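# Analysis of the macromolecular model
Chain by chain, the residues:
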Amino acid sequence: MSVAAQYQAFQQLGLKLDMSRGKPAPEQLDLSNALTGALTSYLAADGTDCRNYGGGVGLPEARALFGQLLDVPAAQVVVDSSSSLALMHDVIVYALLNGVPGHAPWVQNPVTFLCPVPGYDRHFSICEVRGIKMINVPMNAEGPDMDLVEKLVAEDASIKGMWIVPKYSNPGGVVYSERVVQRLAAMKTAAPDFRLMWDDAYRFHHLGERKLAVANILDACVQAGNPDRAIVFASSSKVSWAGSGVAALAASPANIAWWTKHAGFRSIGPDKINQLRHVALLKDVATVEALMEQHRQLLKPKFDAVLAQFQHYLGEVPGVSWTLPEGGYFIDLITPDGAAKRTVALAKEAGITLTPAGAAFPYGVDPRDRHLRIAPSFPSLQEINQAAQGIALSLRLALEG
Ligand code: PLP
């Protein structure tokens with residue numbers, strides 16, 4: 001059967017699948033249903049009444065838990081409400097309006113961020129909406145092109161920051177090597193108030209048997225004499241419940257004091273009841289790892305199904321490749337130049353909503369129009385099998401012109 005006929009047959013199935021975002025599936029959310037009954041008291045270990053205002057830096061036991069999870073002293077961790085993305089946004093806004101410790105507000109001069117690409121669309125949207133110019137930096141197998149990064153930050157004092165997803169990056173699944181981490185910590189920046197926005201969103205989200213680790217960036221920064229350079233973000237969004245997790249920020253004592261001061265103006269304290277029940281559920285590193293293994297059991301077959309369909313339908317197609325992630329939530333399907341947008345449109349006509357082509361690039365522009373972010377987590381295994389087939393057929397049809 002011709003590709004066009006196969007595509008038409010697929011279209012006739014009348015499917016309606018949304019694969020646009022990396023959301024956990026309901027079965028994954030069910031793994032943390034014990035949260036509903038996890039509270040035995042509304043008092044924290046130190047007697048804090050979690051029903052009331054206060055506790056801007058988070059409960060001591062929640063800070064201790066995230067300190068353990070992130071391998072950082074509890075005193076250098078703040079636990080806030082549910083979204084780490086909100087913390088990233090606020091760090092940028094505070095830096096723009098007030099400056100980072102000891103420095104003038106960023107907004108007094110043009111501000112630029114380096115953006116490893118392909119990357120996370122919402123990072124780029126924050127920059128766009130807050131008036132920060134973005135420069136693309138290509139990703140390699142071990143992280144961003146560090147020769148280019150070092151050159152750019154040394155020359156241009158408007159470069160105040162850089163986005164980093166150090167492990168199982170969204171969408172390429174890249175794991176930063178120790179050498180890259182050290183170079184990021186030690187590189188000479190023309191801007192003295194440069195910050196690494198270290199988004200450790202997928203720290204525990206392994207898909208393979210190997211649990212890959214990334215060097216501790218805060219330690220590397222201290223050793224390199226740049227203790228305030230990195231701000232680490234994480235959350236339990238894809239560990240417990242994506243809409244009701246807890247988020248954390250870890251950084252140097254100076255950055256923590258700075259954050260606490262500014263965050264104190266925007267809230268009289270986070271949701272400590274949620275922190276308390278998360279401490280009861282997640283307990284320690286071993287408990288989190290056991291829970292993540294259950295997530296892995298649910299996610300791995302879905303990733304395998306997509307990869308098998310791609311191999312079947314696209315394995316012999318010149319110029320088409322895809323990543324084989326060892327963790328995280330995405331597969332990056334790479335098409336020949338100029339075929340990604342057309343593939344997304346054809347998939348849509350066949351009932352599959354994909355992330356818009358270009359979304360993984362600043363300003364939504366993939367200069368070569370060739371990256372498709374595939375998010376296998378949410379649909380059922382049967383749906384994902386069908387969707388991967390439909391995406392592959394859409395791509396093949398797009399390539400036929
Ligand atoms: N960072 C990355 C790289 C992500 O992929 C996501 C969600 O997909 C987030 C952050 C969102 O984190 P949170 O739910 O803690 O706001």
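All values reported here derive from a predicted model rather than from experimental measurement.

This part covers the domain arrangement of the chain. Structurally, the chain comprises domain 1 (3–22 + 288–399) and domain 2 (44–283). Once you take the C-alpha centre of each, domain 1 and domain 2 turn out to be 29 Å apart. For the domain 1 face of the interface with domain 2, the top three residues by lost area are Val-288, Glu-326 and Tyr-363, together amounting to 24%. Inspection of the region where domain 1 meets domain 2 yields 4 salt bridges. Arg-373 is the salt-bridge partner of Asp-121, the closest N and O atoms lying 3.8 Å from each other. For the pair domain 1 and domain 2, the interface holds 11 residue pairs in polar contact (both at pLDDT 80 or more). Here the side of domain 1 that touches domain 2 gets 8 residues from one element, more than from any other, and that element is helix 11 (residues 285–314). Looking at the side of domain 1 that touches domain 2 residue by residue, the class counts come to 15 nonpolar, 6 polar and 6 charged.

Overall, the coordinates contain 7 aromatic pairs when judged by the stated rule. Ring centres of Tyr-94 and Trp-258 lie 6.1 Å apart, and the angle between their planes is 75°; on these two criteria the pair is classed as edge-to-face. Pair noted here: Tyr-94 is in helix 4 (residues 84–98) and Trp-258 is in helix 9 (residues 253–266), with a separation of 164 residues, a long-range link. Trp-258 shares its class with Tyr-94; the two are buried. Here the aromatic rings of Tyr-94 and Trp-259 are separated by 5.3 Å at their centres, their planes lie at 50°, and the arrangement is tilted. Pair noted here: Tyr-94 is in helix 4 and Trp-259 is in helix 9, with a separation of 165 residues, a long-range link.

This part covers the site of the ligand. Neighbouring the ligand are Ser-83, Ser-84, Leu-85, Tyr-120, Val-165, Asn-170, Asp-199, Ala-201, Tyr-202, Ser-235, Ser-237 and Lys-238. At 2.9 Å, a side-chain N or O of Lys-238 approaches an oxygen atom of the ligand. Within the complex, 88% of the 400 Å² of free accessible area of the ligand lies under protein. In this structure, the ligand is accommodated by the largest pocket.

Attention now moves to the pattern of salt bridges. Scanning the entire structure with this criterion turns up 16 salt bridges. With its nearest N and O atoms 2.8 Å apart, the salt bridge here joins Glu-150 to Arg-183. Of this pair, Glu-150 sits in helix 6 (residues 146–155) while Arg-183 sits in helix 7 (residues 178–186); the two residues are 33 residues apart in sequence, bridging distant segments of the chain. Close ionic contact of Lys-160 with Asp-193 constitutes a salt bridge, the shortest N to O distance being 2.9 Å. Of this pair, Lys-160 sits in strand 6 (residues 159–164) while Asp-193 sits in the loop between helix 7 and strand 7 (195–199); the two residues are 33 residues apart in sequence, bridging distant segments of the chain. For the residue pair Lys-160 and Asp-193, the accessibility class agrees, reading buried in each case. Each of Arg-21, Asp-121 and Arg-373 takes part in a single network of salt bridges with overlapping partners.

Within the secondary structure layout, Gln-76 lies in the loop between helix 3 (60–70) and strand 2 (77–80). A polar contact is formed between the side chain of Gln-76 and the backbone oxygen of Ala-251, at a distance of 2.9 Å. If we ignore the near neighbours within four places in the chain, the residues touching Gln-76 are Leu-249, Ala-250, Ala-251, Ser-252, Pro-253 and Ile-256.

So, how was this worked out
- Residues numbered from 1 in each chain as written.
- Predicted model: local features only at pLDDT ≥ 70, side-chain atom pairs only at ≥ 80, totals over all residues.
- Heavy atoms only, no water.
- Domains from an automatic or database assignment.
- Buried area = accessible area lost by both parts, 1.4 Å probe.
- Salt bridge = Lys/Arg side-chain N within 4 Å of Asp/Glu carboxyl O.
- Polar contact = N/O pair within 3.5 Å; in protein donor to acceptor, adjacent residues only side chain to side chain.
- Helix = DSSP H or I, 4+ residues; strand = E, 2+ residues; numbered from the N terminus.
- Nonpolar A, V, L, I, M, F, W, Y, C, P; charged D, E, K, R; others polar.
- Phe/Tyr/Trp six-rings, centres within 6.5 Å; stacked < 30°, edge-to-face > 60°.
- Buried < 20%, exposed > 50% of the residue type's maximum accessible area, 1.4 Å probe, protein only.
- Near = heavy atom within 4 Å.
- Areas by Shrake-Rupley, 256 points an atom, 1.4 Å probe, with all protein chains shown as cover.
- 1 Å grid on protein atoms, 1.4 Å probe; cavity = no way out; pocket = protein on both sides within 12 Å on 5 of 7 lines; lining within 4 Å.
- Sits in = over half its atoms within 2 Å of the grid points.
- Contact = heavy atoms within 4.5 Å.

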